[in-house]
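# Observations on the three-dimensional arrangement
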Amino acid sequence: MKKIIITIDGYSSCGKSTLAKALAAQLNYVFIDSGAMYRAITLYFLRNHIDWNNPSEVKNAIENITLEFSYNKENGSCEMFLNDENVEWLIRDMLVAENVSEVAAVKEVREFAIAEQRKMGKGKGIVMDGRDIGSTVFPKAEFKIFLIADPAIRVERRFREMLEKNPNITIDEVKANLEMRDYIDSNREFSPLRKAKDAVELDNSNLTIEDQMKIALKLAKGKIQD
Ligand code: DC
């Protein structure tokens, strides 16, 4: 059967990864969480005190970064490896969340991440979620979704997710972080968050994951059979 590229873009905490992961599992495709790559780069910069406003420092640092995803059979997740270290848990930390949008706005960082993402899409058969996947990384992707959700629902979702790793976090901190990231992600100079012209907009504020899957799967199968 024909293999396609499926992209899912949208603001933070719209449920992109949940949908992308479920869709990939149904289609036997590879799920790629592009945000995890920016988070891993941010973790590397923080650990190594890299000044991301200094292009030559960034360039040198990037030469020492290897990013890989590895499938964990036990929990069905794709986990992020930074230089052979499993950082899946560490990259979900608040310190990374507070800095990742700034790091992801750096030209050299985006060039590196986008090149890696395109390599991962060479054989097609992937579902990749992010901010600029349908607009910049794979402008010719066969099926593009732009996911939206009510801001209050997004804050609530992210709060529940963050609480597991950061028991002292408050809902106001989560709200401020989401608003800041949305602003930086949408207003940066290089490949800002944009809905691709040919993307299907899906508002999942009041949809269960099963509802979303029904819609997405039907549309995806239509594209696969085209
Ligand atoms: O999806 P996420 O919250 O894990 O993404 C973390 C950050 O990475 C987000 O604030 C913006 C950035 N990002 C990006 O700029 N481009 C992507 N394709 C994916 C994520």
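Everything in this summary refers to the structure shown in the same document. (Residues numbered from 1 in each chain as written. Predicted model: local features only at pLDDT ≥ 70, side-chain atom pairs only at ≥ 80, totals over all residues. Heavy atoms only, no water.)

## A word on the packing of aromatic side chains
We count it as follows: Two rings belonging to Phe, Tyr or Trp (six-membered ring only in the last case) form a pair when the distance between their centres is within 6.5 Å. Interplanar angles under 30 degrees mark stacking, angles over 60 mark edge-to-face geometry, and anything in between is tilted. Three labels apply to residues, based on accessible area from a 1.4 Å probe with only protein chains included: buried if under 20% of the type maximum, exposed if over 50%, partly exposed otherwise in between. Lysine and arginine charges are scored as sitting over a ring when NZ or CZ, respectively, is within 6 Å of the ring centre and within 35 degrees of the ring normal.
Per the counting criterion, the structure on display carries 1 aromatic pair. Taking 6.5 Å as the distance between ring centres and 15° as the angle between the ring planes, the aromatic pair formed by F45 and W52 counts as stacked. In terms of burial, F45 and W52 fall into one category: buried. The ring centre of W89 lies 4.3 Å from the NZ or CZ of K165, which sits over that ring.

## With respect to the nonpolar core
Quick reminder of the rule: Buried Ala, Val, Leu, Ile, Met, Phe, Trp, Tyr and Cys residues that are joined via side-chain atoms within 4.5 Å together make up what is termed a nonpolar core. Here a helix means four or more residues in a row that DSSP labels H or I, a strand means two or more in a row labelled E, and each is numbered from the N terminus.
Ranked by size, the top nonpolar core spans 60 residues in total, and within it I6, F45, L67, M80 and V109 carry the most contacts. If you tally residues by element for this core, the top one is helix α2 (residues 34-47), at 8 residues. Of all hydrophobic cores here, the second largest spans 8 residues; its members include M94, V155, F159 and L178.

## Concerning the site of the ligand
Note the threshold: Throughout, near means a residue has at least one heavy atom within 4 Å of the molecule or strand. Within 3.5 Å is the distance limit for a polar contact, defined as a pair of N or O atoms, with the added protein rule that one can donate a hydrogen and the other accept it, and that residues adjacent in sequence qualify only through two side-chain atoms. Computed with a 1.4 Å probe, the accessible areas rest on the Shrake-Rupley method; for each residue, only the protein chains presented here act as cover. Think of it as three bins: nonpolar holds Ala, Val, Leu, Ile, Met, Phe, Trp, Tyr, Cys and Pro, charged holds Asp, Glu, Lys and Arg, and polar takes everything else, Gly as well.
Close to the ligand lie 16 residues; R39, S101, R110, D132 and R188 are nearest. One of the side-chain N or O atoms of R181 is found 3.0 Å from an oxygen atom in the ligand. R188 has a polar side-chain atom sitting 2.7 Å from an oxygen atom of the ligand. Surface burial for the ligand is 97%, taken as the share of its 450 Å² of free accessible area covered by protein chains. Those elements giving two or more residues to the shell around the ligand turn out to be α2, α4 (94-104) and α8 (171-187). A total of 4 residues in the shell around the ligand trace back to one element, the largest contributor, which is α2. Grouping the constituent residues of the shell around the ligand by class yields 4 nonpolar, 4 polar and 8 charged.

Interpretation in functional terms is not warranted from these geometric data alone.
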